[in-house]
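# Survey of secondary and tertiary structure
Residues per chain, in single letters:
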Amino acid sequence: MERMIFPNLPVANLKTAESFYLGLGFTKNPQFSDERTTAIVVSDSIVVMLLQQDYYQEFLPKGDTPHLASAGKEVLNGISCDSRDEVDRFLAACTSGGGALYAPAEERMPGMYSGSATDPDGHVWEFMWMDPANVEPPERTFEVSSNATVQEQNSAL
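From a predicted model like this one, the values you see are computed outputs, not experimental measurements. (Residues numbered from 1 in each chain as written. Predicted model: local features only at pLDDT ≥ 70, side-chain atom pairs only at ≥ 80, totals over all residues. Heavy atoms only, no water.)

### A short note on the nonpolar core
Counting residues in each nonpolar core, the largest one holds 24 residues, and the members touching the most others are Tyr21, Leu24, Phe26, Leu50 and Phe127. Of all the elements, helix α3 (residues 84-96) adds the most residues to this core, at five residues. Formed by six residues, the second largest nonpolar core is a distinct cluster that contains Ala39, Val47, Met49 and Tyr56. (Core = buried A, V, L, I, M, F, W, Y, C linked by side-chain atoms within 4.5 Å. Buried < 20%, exposed > 50% of the residue type's maximum accessible area, 1.4 Å probe, protein only. Helix = DSSP H or I, 4+ residues; strand = E, 2+ residues; numbered from the N terminus.)

Rendered as structure tokens:
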């Protein structure tokens, strides 16, 4: 089975956050959504879980608090794009849908064009396109058995 990722994001207003992500062209999975949570399907392997802030708090150890709309950033969420134009379209959709530009799109290194925006709750999303002509295949690949211990996995690196 292909691994999936489920970023869980605290949001101040679930309907506002949901509208923002649907405005980017993503879809809602009603099977995993309710009055406190919306599952936003980005791709077959990425589902962003929007959780009303008080519900998100239930998943944290007592005394820990989410970084909702704080000046500090704990994570920058990156999403690949099919072209430079798609990067620009995502950024435009973010700013017109209630988000804000975080970093303008530019070529940050040869063959990598990216820019980022925040959603209405301050979560940062970087949209990036890498020119396939500049992407080199990895020098080596290896597979670690799922039965290997952490020590065995680390020694393989």
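### Focus on the pattern of salt bridges
A side chain of one charge can pair with a side chain of the opposite charge if their charged atoms are brought near each other. Following the criterion strictly, the structure yields four salt bridges and no others. Glutamate 107 is paired through a salt bridge with arginine 84; the nearest N and O atoms lie 3.3 Å apart. Note that glutamate 107 is positioned in strand β6 (residues 100-109) and arginine 84 in helix α3, a separation of 23 residues in sequence. Two residues, arginine 108 and glutamate 106, come together in a salt bridge whose shortest N-O distance is 2.5 Å. The exposure class assigned to arginine 108 is partly exposed, which follows from its relative accessible area of 35%. Residue classification places glutamate 106 among the partly exposed residues on the basis of a relative accessible area of 41%. (Salt bridge = Lys/Arg side-chain N within 4 Å of Asp/Glu carboxyl O.)

### Quick notes on the confidence of the model for the protein
Across the protein, the average pLDDT comes to 86, with 80% of residues at or above 70. Element-level mean pLDDT values for the protein span from 49 in helix α4 (residues 150-156) up to 98 in strand β2 (residues 27-29). (pLDDT = per-residue confidence, 0-100.)

### A word on the sheet that holds β6
Read from one edge of the open sheet, four strands run β5-β8-β7-β6, paired in mixed fashion. Two strands bound the open sheet, and with one partner strand each, they are β5 (76-80) and β6. Taking each pair of neighbouring strands and ignoring which way they run, the sheet shows an average axis angle of 20°. Across seven bridges, strand β7 (residues 112-118) lies against strand β8 (residues 124-130) in antiparallel orientation. Bridge pairing links glycine 115 to phenylalanine 127 in β8. Where α3 meets the sheet, its contacts fall on β6, β7 and β8, and the angle it forms with β7 comes to roughly 10°. (Pairing = 2+ DSSP bridges. Axes fitted to C-alpha atoms, helices over the stretch in contact; angles between N-to-C directions. Contact = heavy atoms within 4.5 Å.)

### Observations concerning the pairing of strand β3 (residues 37-43)
Within β3, five of the seven residues are buried, which leaves it mostly tucked inside the rest of the structure. One ladder, built from three bridges, connects β2 with β3; its direction is antiparallel. Across the sheet, lysine 28 pairs through a bridge with isoleucine 40, a residue of β3. Linking β3 back to strand β4 (residues 46-52) in an antiparallel pair, the connection comprises two residues.

### Describing the sheet that holds strand β1 (residues 8-11)
In spatial order, the strands read β1-β4-β3-β2; together these four strands make up an open sheet with mixed pairing. Among the strands making up the open sheet, the edge pair consists of β1 and β2. Here the strands of the sheet are splayed against their neighbours by 35° on average, with no regard to which way each runs.

### Some thoughts on the packing of aromatic side chains
All told, the structure shown has five aromatic pairs when counted by the stated rule. Judged by centre distance (5.2 Å) and plane angle (80°), the ring pair of tyrosine 55 and phenylalanine 59 falls under edge-to-face. Owing to a relative accessible area of 56%, phenylalanine 59 belongs among the exposed residues under this scheme. Measuring from ring centre to ring centre gives 4.5 Å for phenylalanine 90 and phenylalanine 127, while their planes differ by 5°; the resulting arrangement is stacked. Taken together, the positions of phenylalanine 90 in helix α3 and phenylalanine 127 in strand β8 put the pair 37 residues apart, joining distant regions of the chain. What makes phenylalanine 127 buried here is its relative accessible area of 1%. By way of ring pairs, the aromatic residues Phe20, Tyr21 and Trp125 are connected into one cluster. In this arrangement the basic side chain of arginine 84 is found over the ring face of tyrosine 113, its NZ or CZ atom lying 3.9 Å from the centre. (Phe/Tyr/Trp six-rings, centres within 6.5 Å; stacked < 30°, edge-to-face > 60°. Lys NZ or Arg CZ within 6 Å of the ring centre and 35° of its normal.)

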